[in-house]
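As a plain string of letters, each chain reads:
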Amino acid sequence: EPEVTQTPSHQVTQMGQEVILRCVPISNHLYFYWYRQILGQKVEFLVSFYNNEISEKSEIFDDQFSVERPDGSNFTLKIRSTKLEDSAMYFCASTMEEGEKLFFGSGTQLSVL
Amino acid sequence: TQLLEQSPQFLSIQEGENLTVYCNSSSVFSSLQWYRQEPGEGPVLLVTVVTGGEVKKLKRLTFQFGDARKDSSLHITAAQPGDTGLYLCAGGKTGRRALTFGSGTRLQVQP
């Protein structure tokens, strides 16, 4: 079965540094998402992306966050100036059509020190 | 705020036992999905239910969507160690891309 691929699997950074989390969605998918899961807490929606623009974002997704699909295959999440509370597992997901099966990647564990 | 509460939070049972996991909300959802998540992996979709009262079966797993589309249940018959994992429900609303996830039920099936 096709997979959503995320890199790196683990990222450690210093507070205030910029990080870029990378995702390669399934090739014929059109809708892309980022979710995050703080240790011991619920999976939380961050942002959805369709047709090269953000279609929906949560309150968590503030000015420090941005997403980009630079080359038609990668989908990135950038955190400009990381905070301790950004430490979480970040999941990328994609689907071909809205309402269809959502495929999640294995996640990037971000640790902000 | 739309909340999905799952119960129980933790469940440890013996192989062969039956169990039911509940997902409840005060909000109406247009769809309800159940996922299973293994350690170090992303959630994997098990089923989507969209109609109030709908029942779907996936081998030994039976999923039900409440008549009012505010709650759902997952029943596992004759649990096996391979069923061990974190079970998540997630609600969707028409016109919104975001899924609202429940807090999860961690199931351990002892051989």
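The structure this text deals with has already been given above.
If you're wondering where the values come from, they're calculated on a predicted model, not measured in any experiment. (Residues numbered from 1 in each chain as written. Chains lettered and ligands numbered in written order. Predicted model: local features only at pLDDT ≥ 70, side-chain atom pairs only at ≥ 80, totals over all residues. Heavy atoms only, no water.)

This part covers the state of the cysteines. Going through the model one piece at a time under the given rule, you end up with two disulfides over all chains. Between the sulfur of Cys-23 of chain A and that of Cys-92 of chain A lies a disulfide, 2.0 Å long from S to S. On the sign convention where negative means left-handed, the S-S torsion of about -65 degrees between Cys-23 of chain A and Cys-92 of chain A marks this disulfide as left-handed. Remark: Cys-92 of chain A occurs in strand β9 (residues 88-95) and Cys-23 of chain A occurs in strand β3 (residues 19-24); sequence separation between them is 69 residues. In this pair, the class of Cys-23 of chain A matches that of Cys-92 of chain A, namely buried. Across the disulfide, Cys-23 of chain B is cross-linked to Cys-89 of chain B (sulfur-sulfur distance 2.0 Å). (Disulfide = S-S within 2.5 Å. Helix = DSSP H or I, 4+ residues; strand = E, 2+ residues; numbered from the N terminus. Buried < 20%, exposed > 50% of the residue type's maximum accessible area, 1.4 Å probe, protein only.)

Before going further, it helps to examine unusual backbone geometry. At the junction of Thr-7 of chain A and Pro-8 of chain A, the peptide bond is cis and its omega measures out at -10 degrees in the coordinates. Secondary-structure assignment places Pro-8 of chain A in the loop between β1 (5-7) and β2 (10-13). Geometrically, the link from Ser-7 of chain B to Pro-8 of chain B is a cis peptide bond, its omega value of -10 degrees lying close to zero. Looking at where Pro-8 of chain B falls in the secondary structure, it is placed in the loop between β1 (5-7) and β2 (10-14). In this structure, Asn-52 of chain A takes a positive phi of about 65 degrees despite not being glycine. As for its placement among the helices and strands, Asn-52 of chain A is situated in the loop between β5 (43-50) and β6 (53-57).

Following the criterion strictly, the structure yields 14 aromatic pairs over all chains and no others. Taken together, a centroid distance of 6.3 Å and an interplanar angle of 85 degrees make the contact between Phe-91 of chain A and Phe-104 of chain A edge-to-face. Taken as a pair, Phe-91 of chain A in strand β9 and Phe-104 of chain A in strand β10 (residues 103-104) lie far apart in primary sequence, 13 residues in all. Judged by relative accessible area, Phe-104 of chain A falls into the buried class, the value being 11%. Look at Tyr-35 of chain B and Phe-101 of chain B: their rings are 5.6 Å apart centre to centre, the planes differ by 40 degrees, and that puts the pair in the tilted class. In this pair, Tyr-35 of chain B sits in strand β4 (residues 31-37) while Phe-101 of chain B sits in strand β10 (residues 99-101), placing the two residues 66 residues apart along the sequence. (Phe/Tyr/Trp six-rings, centres within 6.5 Å; stacked < 30°, edge-to-face > 60°.)

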